[in-house]
Amino acid sequence: MATKVNVKTTRNAASYDISIGRGSLKNAGEWAKSVMPGSSGRAAIISNRKVFGLYGNAVKKSLENAGFEPHVQLIGDGERFKNLRTLEDTLRFLSGSKFTRTDSIVALGGGVVGDLAGFAASVYLRGIDLLQVPTTLLSMIDSSVGGKTGVNSSFGKNLIGAFYQPRGVLIDTNTLLTLPEREVTAGFCEAVKQGAISDRSLLDKTAKILGQLEGRRLHERLGEDSFSENFARFLAAQISFKARIVAGDERESVAKTDARSRKILNFGHTFGHALEKVTNYRYFRHGEAVGHGIRFAAALSKNLELIGQNEVELLNDVVRRAGSLPSLGSIDPSEIFATFKYDKKMINDSLQWILLEGIGKPVIFSHAKIRQAVLAASFKEITRS
Ligand SMILES: NC(=O)c1ccc[n+]([C@@H]2O[C@H](COP(=O)([O-])OP(=O)(O)OC[C@H]3O[C@@H](n4cnc5c(N)ncnc54)[C@H](O)[C@@H]3O)[C@@H](O)[C@H]2O)c1
Ligand SMILES: [Zn+2]
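Basis of the calculations
Residues numbered from 1 in each chain as written. Chains lettered and ligands numbered in written order. Predicted model: local features only at pLDDT ≥ 70, side-chain atom pairs only at ≥ 80, totals over all residues. Near = placed C-beta within 6 Å. Helix = DSSP H or I, 4+ residues; strand = E, 2+ residues; numbered from the N terminus. Nonpolar A, V, L, I, M, F, W, Y, C, P; charged D, E, K, R; others polar. Axes fitted to C-alpha atoms, helices over the stretch in contact; angles between N-to-C directions. Parallel < 35°, antiparallel > 145°, perpendicular 65-115°, else oblique. Contact = placed C-beta atoms within 7 Å. Pairing = 2+ DSSP bridges. Core = buried A, V, L, I, M, F, W, Y, C linked by C-beta atoms within 7 Å. Buried ≥ 20, exposed ≤ 12 C-beta atoms within 10 Å, placed from the backbone. Domains from an automatic or database assignment.

1. Quick notes on the site of ligand 1
Phase 1 of the analysis: Taken together, 28 residues lie around ligand 1, and Gly110, Gly111, Val112, Thr136 and Ser143 are the ones closest in.
Phase 2 of the analysis: Those elements that provide at least two residues to the shell around ligand 1 are α2 (49-65), α4 (111-123), α5 (137-143) and α6 (181-198).
Phase 3 of the analysis: Classifying every residue of the shell around ligand 1 by side-chain character gives seven nonpolar, 13 polar and eight charged.

Next up, the structure:
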């Protein structure tokens, strides 16, 4: 039985469903037909060699059986391929395959594929139908929900893109059986982030599912029916939270600064992005950097007297359960602090931190109000514990 989460939007489509199931890839064609009733003909499966090698044929066959004409475009594997060049290659492929306004794109992969394919769908002929089939934990709970698409460029990460909602999202939890352990940890860190800013119950659900792993790997537990059902409920809770935030602030309004602004999803990201940047995006997976970012934001919130030590310990504990993170050992904090000057979340020249006044109580806090010594003390704390 598939679990469904509805996402309300104002653009492209009134709303769409995210369907969570086990083994659902083999029904991808029927599902595609049901969410795109007007669609005819061609469907471009955009993926990379690794993911397509694992799951591509199942999706292709199912689309064929449902009457689609699948075409396959494989992009390079990794963040560095999420760029304008790959976008152009993809647009050339769509044009060369004579895709029209009634054809569609199926993004099969993690966030890199989803962001790139989504952006291509938004600009090709000013927009063709998009289906997201996320295959990493991070893309299931985060990047495939909410309609942000885009590429990296010489101006920075994710600065060129569009808000573009898919017609549907299909999650097959069986795809996680092959996901490498570091990617699992990275995804769980984003889940902890969402728990921290949502409410105690989402954080508890996240801690609980991590506890139920009982030290074993996710793929080992996913084979068990009862765990798998709990896991689907955990995914649905995570996705519902993100969908709720997105519905209230679809285009991340600059003026919106309350606790339900889409900006709060950047909790853990100011420090996380800085870590990725100073290590040239080579050392941390994005979600791992966010894991450290959560710990930093928690320490900073405490040092600004917004939360107490108990909350810091609780968050550190859940991050620890998410998996082990690459060490911060060799990183020079002054390099990290220097990057805060150029963060893209800068509004009117002031970087805005997302901090916590409690679990589920995010606040937007101006960087200008934080003394360097407080940043330094917070960094020291997270390298110690
Ligand atoms: N649009 C948004 O709102 C949003 C939100 C968060 C992150 N992002 C973006 O998402 C990207 C990160 O996404 P990601 O963490 O999914 O990384 P990714 O897409 O690079 O995937 C991680 C790795 O896992 C492999 N992989 C994917 N599925 C697999 C599977 N089922 N089995 C085995 N291997 C598999 C991929 O080939 C890749 O090597 C970043 O570019 C980030 O900017 C976007
Ligand atoms: Zn993130």
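What follows continues from the structure just given.
2. Quick notes on the packing of helix α1 (residues 28-35) against α2
Phase 1 of the analysis: Direction vectors running N to C along α1 and α2 enclose 55°, while the axes themselves pass 6 Å from each other. By the angle class used here, α1 and α2 are oblique. Residues Ala28, Gly29 and Ala32 of α1 lie in contact with α2, whose contacting residues are Val59, Ser62, Leu63 and Asn65.
Phase 2 of the analysis: Looking at the contact of α1 with α2, its residues break down into four nonpolar, three polar and no charged.

3. Quick look at the sheet that holds strand β4 (residues 69-75)
Phase 1 of the analysis: The strand order across the open sheet built from seven strands is β1-β2-β9-β6-β5-β3-β4, with neighbouring strands paired in mixed fashion. Two strands close off the open sheet at either side, each with one partner strand: β1 (3-8) and β4. Between one strand and the next, the sheet's axes are offset by a mean angle of 20°, whatever the strand orientation.
Phase 2 of the analysis: Contacts from α1 reach β2 (15-21), β3 (42-48), β6 (129-134) and β9 (168-172) within the one sheet, and its direction differs from that of β9 by about 160°.
Phase 3 of the analysis: Strand contacts of helix α9 (residues 225-248): β1, β2 and β9, with the helix running at about 5° to β1, the strand carrying the most contacts.

4. Some details on the nonpolar core
Phase 1 of the analysis: Formed by 105 residues in total, the largest nonpolar core has its most connected members in Ile105, Val106 and Leu108.
Phase 2 of the analysis: For this core, the element with the most residues is α9, which contributes nine residues.
Phase 3 of the analysis: Viewed by domain, this core spans two of them, domain 1 (3-178) and domain 2 (181-384), each represented by three or more residues.
Phase 4 of the analysis: Excluding residues within four positions of it along the chain, Leu108 makes contact with Ile45, Ile46, Ser47, Val51, Phe52, Tyr55, Gly56, Val59, Val113, Val133 and Thr135.

5. Notes on the environment of Ser39
Phase 1 of the analysis: Turning to its location among the elements, Ser39 is positioned in the loop between α1 and β3.
Phase 2 of the analysis: Measuring from C-alpha to C-alpha, the distance between Ser39 and Ile128 comes to 9.9 Å, with 89 residues separating the pair along the chain.
Phase 3 of the analysis: For Ser39, the residues in contact, after removing those within four places along its chain, are Thr102, Ser104 and Asp129.

6. Notes on the domain arrangement of the protein
Phase 1 of the analysis: Domain annotation for the protein reports domain 1 (3-178) and domain 2 (181-384).
Phase 2 of the analysis: If you average the C-alpha positions of domain 1 and of domain 2, the two centres end up 26 Å apart.
Phase 3 of the analysis: The interface is formed by 26 residues belonging to domain 1 together with 28 residues belonging to domain 2.
Phase 4 of the analysis: Mapped by element, the contributors of at least two residues to the side of domain 1 that touches domain 2 are β1, β2, α5 and β8 (156-163).
Phase 5 of the analysis: It is α5 that provides the largest number of residues to the side of domain 1 that touches domain 2, a total of five residues.
Phase 6 of the analysis: Tallied by class, residues from the side of domain 1 that touches domain 2 come to 14 nonpolar, seven polar and five charged.

7. Quick notes on the environment of His269
Phase 1 of the analysis: Take His269: it is sitting in helix α10 (residues 269-278).
Phase 2 of the analysis: Using a count of 23 C-beta atoms within 10 Å as the deciding quantity, one classes His269 as buried.
Phase 3 of the analysis: Considering only alpha carbons, one finds His269 and Glu220, 49 residues apart in sequence, at a separation of 30 Å.
Phase 4 of the analysis: Ignoring anything within four residues of it in the chain, the contact list for His269 reads Val290 and Gly293.

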